[in-house]
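# Observations on the three-dimensional arrangement
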Amino acid sequence: MLVAKSGRQALSIVHEQSVDLILLDVVMPELDGFSVMKQLKSNVNSQNIPVIFITGLESSKDETYGFELGAVDYIHKPFNSSVVLARVSSQLKIIQQRNDLQQLSEELKQASEAKGMFLANMSHEIRTPLTTIIGYAESMLSQNIPKNEWTDAVNIIDNSGKHLLSLVNNILDFSKIEAGELSIELIDVELDSLLQQVHVICEQQAHKKHLNIHWRFNGKIPRRIKTDPTRLKQILINLISNGIKFTEQGSVTIVVSALNEQLHFEIKDTGIGIPNDKLSSLFNSFTQVDNSTSRKYGGTGLGLSISCRLAKELGGQIAVESQVNEGSTFSVFIDLINQAPGETFDQLNSDTNHQASQQTQQVFKGKVLIAEDHPENRQLFSLNLSALGFEVNAVDNGEKAVQACISDDYQLVLLDIQMPVMNGIEAQQLIRSCGLDMPIIALTANVMKDEIDSYLAAGFTDHLAKPLDQEQLLTKLNKYCDNDVSTQQDVAIPQHLLDELRQKFKQSFAQYTIELQTAVKQRDTKTLASLAHKFQGAAKSFGFTEEAKVAELLERYIQDSNNNISQTSQQLINLLNNE
Ligand code: ADP
């Protein structure tokens, strides 16, 4: 508390020090309280300090005048000190609330600016690859690019498409995190093979910039850990890719150690570094070190915030240290609690390539039933599961699936949804009504959340998206099936079998085109929708991405009764004729 013996002294204190509240007498020699108040209000530095008059002037005219000058309260003398105290503390509370509101409004303003900036960046990020895709596609259509250069052009389109996809995935991850819907699946993972996969992906990026990636292992690292492999890979790839992106010369080094029941990865680069005052906001969403970063390096400012949240979900955290122009070190910690001691490793196997490491997997035991009406897809899934060690029975409709379940024991059932005779949902319900409780997984090209929710609500244990992603498949199989961890086998499907299946599928295009044309001619949208749907899953599995996309679009247009149905059908027919 500061005390002034006169109006002048009060003014000089206020100009020198910061004051939260003033109690001001009115009748004073030289400069009275009302004049002091006028001077306070005329100065920007003091005009917002709340003033309470405390005076012997009793007339309502004086009191009104005091409020007119801007007082927040007016106390008469003689005063009761506890009343004064109560009124002062009530004013201080108001001041505190006002300050809190101001800070909140400042934070909201910053968040809204960051979102605005994010939208501008995002639109730029999306437009860049789209412009490339459209530009090349148009040039090809108008024959501006000669046919002998089409492979290069398609590669560019493919790369831009993949870049867009990763952008969309980032946004989806982010919105899942925001909605609290991020799911983590902890399973047994072979860490050395996971790191090998990360290495292969990042090495390609580093190679393009003539940078080296080094891995160092501090002591022995457990080979088998329990974690969510997709998420751990996502974190490491994001941090290593950032290291590569923000480094022009030198290297990115990853140091791995296992300490105090935690796995620790240090990702060190020799790049541009990050200023000290930016370090604390780095993990916020949509934040980049400065706006020129996005112009120069691209990106959305979402990667670190997603990685940080994922690390938390895996029981750990991410920290950062950096020196401008010297480089940055990001540290990721992941919990290793409750891991049984076992084999260890201290280096990556440099001979093992990505494919091979992925294809040597544990062997599963038991019988699996698959119901899928598309013949080549059915064969592909069967091959895939047989290669993993299962005994597989594959049928082409729901009714046969129910019959198979009644007459034999299955450890797992995979059901396509749209099938002739009996669809997957009915089949699943009939199987359950027979008292059978094995896990039943919906196999579907529909990956929208509400569709998946509806399958789960209908009684399915889980779902798997078509085309089958090997990693997702293994995650689910590990969850629902017994495996023999002591045995390893090569689970790769022989290439000639894959080629044969793909060829067979391609041969079906002629017949499929006729069916499509007939349905279009007869304006039979129901058949058209089912043809489009049936085709998609297999087309994706065999790498006919463009055709799959158009079929997917066609199905959506039919659902929405959109005007483009016949045009899109024709587009699909053209694509198929060109294959
Ligand atoms: P993005 O890279 O998509 O912008 P991130 O969330 O991954 O988003 O990174 C946010 C920002 O943090 C980057 O834009 C960059 O300014 C800074 N940053 C991240 N990693 C590094 C690094 N290794 N070196 C320098 N700056 C970095």
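The present account deals with the structure reproduced in this document. (Residues numbered from 1 in each chain as written. Predicted model: local features only at pLDDT ≥ 70, side-chain atom pairs only at ≥ 80, totals over all residues. Heavy atoms only, no water.)

### Considering the sheet that holds strand E3 (residues 73–76)
Where we set the bar: In short, DSSP must find at least two bridges between two strands for them to pair. Secondary structure counts use DSSP, requiring at least four H or I residues in a row for a helix and at least two E residues in a row for a strand, with both numbered from the N terminus. Helix axes are fitted to C-alpha atoms over the stretch in contact, other axes to C-alpha atoms as well, and angles between N-to-C directions run from 0 to 180 degrees.
Strand order in the open sheet made by the 3 strands is E1-E2-E3, with parallel pairing throughout. For this open sheet the edge positions go to strand E1 (22–24) and E3, each flanked by a neighbour on one side alone. This sheet shows a mean twist of 25° between the axes of neighbouring strands, independent of strand direction. Note: E1 against strand E2 (residues 51–55), 3 bridges, orientation parallel.

### A word on helix H1 (residues 7–16)
Using the following cut-off: Buried means the residue's accessible area, taken with a 1.4 Å probe over protein chains only, is under 20% of the maximum for its type, while exposed means over 50%, and partly exposed covers the values in between. In this description, one arc is meant: the one made by directions from the helix axis to the C-beta atoms. The contact rule is simple, with two residues in contact once any of their heavy atoms fall within 4.5 Å.
Those residues of H1 that sit buried are Gly7, Ala10, Leu11, Ile13 and Val14. End-on view of H1: buried residues confined to an arc of 160°, all on one side of the axis. In this structure, the buried residues of H1 make contact with E1 and helix H2 (33–42).

### Considerations on unusual backbone geometry
One can expect most non-glycine residues to show negative phi and most peptide bonds to be in trans. The omega angle of the peptide bond from Lys77 to Pro78 is -5°, so this bond is cis rather than trans. Relative to the helices and strands, Pro78 resides in the loop between E3 and helix H4 (81–141). Despite not being glycine, Gln143 shows a phi value in the positive range, around 65°. By the secondary structure assignment, Gln143 is in the loop between H4 and helix H5 (150–178).

### Quick notes on the pattern of salt bridges
The cut-off we apply is this: Only one rule defines a salt bridge in this text: a Lys or Arg side-chain nitrogen within 4 Å of an Asp or Glu carboxyl oxygen.
All told, the structure shown has 16 salt bridges when counted by the stated rule. The salt bridge involving Asp73 is made with Arg87; its shortest N-O contact spans 2.9 Å. With Asp73 in strand E3 and Arg87 in helix H4, this pair connects stretches of sequence that are 14 residues apart. Among the residues examined, Asp73 registers a relative accessible area of 11% and is labelled buried. The closest approach of N and O atoms between Lys220 and Asp346, which form a salt bridge, is 3.3 Å. Separated by 126 residues along the polypeptide, Lys220 in the loop between strand E5 (212–218) and strand E6 (221–222) and Asp346 in the loop between strand E12 (344–345) and helix H10 (354–359) bring together distant segments of the chain. Owing to a relative accessible area of 53%, Lys220 belongs among the exposed residues under this scheme. Linked by salt bridges that have partners in common, Asp192, Arg223 and Glu343 make up one network.

### Observations concerning the nonpolar core
To be explicit about the condition: Working definition of a nonpolar core: buried Ala, Val, Leu, Ile, Met, Phe, Trp, Tyr and Cys residues. They are joined through side-chain atoms within 4.5 Å. Domain boundaries shown here were taken from an automatic or database domain assignment.
Within the largest apolar cluster, 58 residues are counted, with the highest numbers of intra-cluster contacts made by Leu195, Trp215, Leu232, Ile240, Phe265, Ile267 and Phe330. A total of 7 residues in this core trace back to one element, the largest contributor, which is helix H7 (residues 229–245). Both domains that furnish three or more residues to this core are identified here as domain 2 (101–178) and domain 3 (187–358). Ignoring anything within four residues of it in the chain, the contact list for Leu195 reads Trp215, Phe217, Leu236, Val256, Phe265, Phe345 and Leu348. By size, the runner-up hydrophobic cluster in this structure holds 26 residues, among which are Leu380, Leu531, Tyr557 and Ile565.

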